Amino acid sequence: MVNRFILNEVSYFGPGARKELPGVVSRLGFKKAMIVTDPGLLQFGVVKMVTDVMDEAGIAYNIFSDVKPNPTVSNVKHGVEAFAQSGADFLVAIGGGSAMDTAKGIGIVTNNPEFGDVVSLEGVADTKKKSVPIIALPTTAGTAAETTINYVIIDEEKKKKMVCVDPNDIPAVAIIDAELMYTLPKSLTAATGMDALTHAIEGLITKAAWELSDMFEVKAIEMIHKYLELAVNEPTNPEGRNGMAVAQYVAGMAFSNVGLGVVHGMAHPMGSLFDVPHGVANALLLPTIMRFNAPAAKEKYVEIAKALEVYRDSMSVDDAAEAACDAVQQLALRVGIPQHLTDLGITEADIPALAEQAIADVCTPGNPREVTYDDIVALYKKVL
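Figured I'd write up the structure that's included with this text. Given the structure is predicted, the values throughout are model-derived calculations rather than measurements.

## Thoughts on the overall build of the protein chain
Line of reasoning, step 1. Each helix and strand counted, the protein chain has 14 helices and 9 strands in total.
Line of reasoning, step 2. By the compact-globule yardstick of 21 Å for 384 residues, the protein chain fits well, its C-alpha radius of gyration being 20 Å.
Line of reasoning, step 3. The principal-axis extents of the C-alpha atoms in the protein chain amount to approximately 60 × 45 × 45 Å.
Line of reasoning, step 4. The 384 residues of the protein chain split such that 59% are buried.
Line of reasoning, step 5. When the accessible area of the protein chain is evaluated, it comes to approximately 14900 Å², of which 53% is carbon and sulfur surface.
Line of reasoning, step 6. For the protein chain, the distance from the average position of its 31 positive side-chain charges to the average position of its 48 negative side-chain charges is 2 Å.

## Description of the sheet that holds strand E8 (residues 160-165)
Line of reasoning, step 1. One open sheet accounts for 3 strands, arranged E5-E8-E7; its pairing is mixed. Each end of this open sheet is capped by a strand with a single partner; those strands are strand E5 (123-124) and strand E7 (150-155).
Line of reasoning, step 2. In terms of strand pairing, E5 meets E8 through 2 bridges, oriented parallel. Counterpart to Val124 in the pairing with E8 is Val165.

## Remarks on the environment of Ser86
Line of reasoning, step 1. Take Ser86: it is sitting in helix H4 (residues 73-86).
Line of reasoning, step 2. Relative accessible area serves as the criterion here: at 7%, Ser86 is assigned to the buried category.
Line of reasoning, step 3. As for Ser86 and Asp318, which are separated by 232 residues in sequence, their C-alpha atoms are 58 Å apart.
Line of reasoning, step 4. If near-sequence neighbours (up to four positions away) are discounted, Ser86 is found in contact with Lys32, Met34 and Asn62.
Line of reasoning, step 5. Side-chain polar atoms of Ser86 contact the backbone oxygen of Phe83, separated by 2.7 Å.

## Focus on the nonpolar core
Line of reasoning, step 1. Counting residues in each nonpolar core, the largest one holds 77 residues, and the members touching the most others are Met194, Leu285, Ile304 and Tyr380.
Line of reasoning, step 2. The dominant element in this core, judged by the number of residues it contributes, is helix H7 (residues 211-233), at 10 residues.
Line of reasoning, step 3. Beyond its immediate chain neighbours, meaning those up to four positions away, Tyr380 contacts Met266, Pro269, Met270, Leu285, Leu341, Ile351, Leu354, Ala355 and Ala358.
Line of reasoning, step 4. Counting residues in each nonpolar core, the second largest holds 28 residues, with Val67, Val80, Ala103 and Val118 among its members.

## Some thoughts on the pattern of salt bridges
Line of reasoning, step 1. In the structure shown here, the tally under the stated rule is 15 salt bridges.
Line of reasoning, step 2. Here Glu9 ties to Lys130 by a salt bridge, and the two come within 4.0 Å at their closest N and O atoms. Here Glu9, found in the segment before strand E1 (10-13), pairs with Lys130, found in the loop between E5 and strand E6 (134-138); they are 121 residues apart in sequence, far enough to count as distant.
Line of reasoning, step 3. A relative accessible area of 55% places Glu9 in the exposed class.

## Examining unusual backbone geometry
Line of reasoning, step 1. The phi dihedral of Ala144 is positive, around 60°, even though this residue is not glycine.
Line of reasoning, step 2. Note on placement: Ala144 falls in the loop between E6 and E7.
Line of reasoning, step 3. You will see that Glu309, though not glycine, has its phi angle at about 60°, which is positive.
Line of reasoning, step 4. Take Glu309: it is sitting in the loop between helix H11 (298-307) and helix H12 (317-334).

## Considerations on the sheet that holds strand E2 (residues 32-36)
Two modes of strand pairing occur in sheets, parallel and antiparallel, and in both the strands are linked by backbone hydrogen bonds.
Line of reasoning, step 1. What the 6 strands build is an open sheet, ordered E1-E9-E6-E4-E2-E3; its pairing is parallel. Among the strands making up the open sheet, the edge pair consists of E1 and strand E3 (60-64). Ignoring strand direction, the axes of neighbouring strands in this sheet form an average angle of 20°.
Line of reasoning, step 2. Direction of pairing for E1 relative to strand E9 (residues 173-176): parallel, over a ladder of 4 bridges. Residue pairing across strands places Tyr12 opposite Ile175, the latter belonging to E9.

## Quick look at the packing of aromatic side chains
Line of reasoning, step 1. A complete count under the given rule lists 4 aromatic pairs for this structure.
Line of reasoning, step 2. With a centroid separation of 6.3 Å and 80° between ring planes, the pair formed by Phe5 and Trp210 is classed as edge-to-face. Placement of Phe5 in the segment before E1 and of Trp210 in the loop between helix H6 (186-205) and H7 is noted, with a sequence separation of 205 residues between them.
Line of reasoning, step 3. What makes Phe5 partly exposed here is its relative accessible area of 22%.
Line of reasoning, step 4. Of the residues examined, Trp210 reaches a relative accessible area of 23% and is grouped as partly exposed.
Line of reasoning, step 5. The interplanar angle of 20° and the centroid separation of 5.9 Å between the aromatic rings of Phe5 and Phe216 together place this pair among those described as stacked. With Phe5 in the segment before E1 and Phe216 in helix H7, this pair connects stretches of sequence that are 211 residues apart.
Line of reasoning, step 6. Aromatic rings pair up to connect Phe5, Trp210 and Phe216 into one cluster.
Line of reasoning, step 7. The aromatic ring of Tyr311 is capped on one face by Lys306, whose charged end is 5.2 Å from the ring centroid.

Parameters and conventions
- Residues numbered from 1 in each chain as written.
- Predicted model: local features only at pLDDT ≥ 70, side-chain atom pairs only at ≥ 80, totals over all residues.
- Heavy atoms only, no water.
- Helix = DSSP H or I, 4+ residues; strand = E, 2+ residues; numbered from the N terminus.
- Rg over C-alpha atoms; globule rule 2.2 N^0.38 Å.
- Buried < 20%, exposed > 50% of the residue type's maximum accessible area, 1.4 Å probe, protein only.
- Areas by Shrake-Rupley, 256 points an atom, 1.4 Å probe, with all protein chains shown as cover.
- Lys, Arg positive; Asp, Glu negative; His and termini not counted.
- Charge placed at Lys NZ, Arg CZ, Asp CG, Glu CD.
- Pairing = 2+ DSSP bridges.
- Contact = heavy atoms within 4.5 Å.
- Polar contact = N/O pair within 3.5 Å; in protein donor to acceptor, adjacent residues only side chain to side chain.
- Core = buried A, V, L, I, M, F, W, Y, C linked by side-chain atoms within 4.5 Å.
- Salt bridge = Lys/Arg side-chain N within 4 Å of Asp/Glu carboxyl O.
- Axes fitted to C-alpha atoms, helices over the stretch in contact; angles between N-to-C directions.
- Phe/Tyr/Trp six-rings, centres within 6.5 Å; stacked < 30°, edge-to-face > 60°.
- Lys NZ or Arg CZ within 6 Å of the ring centre and 35° of its normal.

Next comes the structure, spelled out in structure tokens:
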């Protein structure tokens, strides 16, 4: 078996790392940027933290902010039109997964116009050219979209999330600056942090996992255990923010290359049909689905228990697996994650539509335990 690992060309880490941007632009010979971001980040001054650096360096740019929390095909199409009119030669994505995913869609369609309908990018698209170069600056510690070959766009007509997997979409440069995350609300810090934990755990137990990916995912779990509550409870603490910023990137390096599982498969339709934030959906589902998957990945659960510091030498493998599941559930509770679908306005009558999309989701086949439509219905009912 041949394993493949794709990473950014260059990444920068640390509070204040955005100040590396002018040197990156100069080295790569770019002339003008189109910044892709969302209205909230403009309103709260986060984008200004980056544009101030660009202004001082004389880097030309314009701003595209037609980005929804769950970005749509229309967002991408509008962005492609804006980029064509802008005279820009590269993209700067400032935001969480929504802004970075939108930028990826814009960059891919611009250089591969045969995929201009956007919906044809779902799954593994056979694009021929790399995206317009993207410099990604995440403002949340969760999605790791700055280092993945994946992006998620909602098809408005079908009301479903399209997971697009394409090595050509990975940002050329990632700049992980924890200072851009200091104003993130507690609830969003918690949800995105649990999203990162979901990436790490699913990436560790997915069918395609191997030694290199395992190394990254175990480390990410350790770091999230250490830093998430600190980041939630002390938003401007550099140690917690930077720790989570690095942890989510480490998780992304691996899951991007080995895939995920049914937690993501079931979370995606919660976003497309009910606009549930992705991190909240993952965090709500994760403990229950961990218990479902435990029989297929018990040895890996021992590693999870160790990384979460709940393993004891006298434990059996089964005890360690249960301790790992309990630890994840307790962490979710401590950081304020909702525990039931009904808390999010989802009823039992909605479950068949959710399950129909979940069983067809591109992430579901990577699950370590085979899963059926009926299994998914039962899992949704457990968290109803």
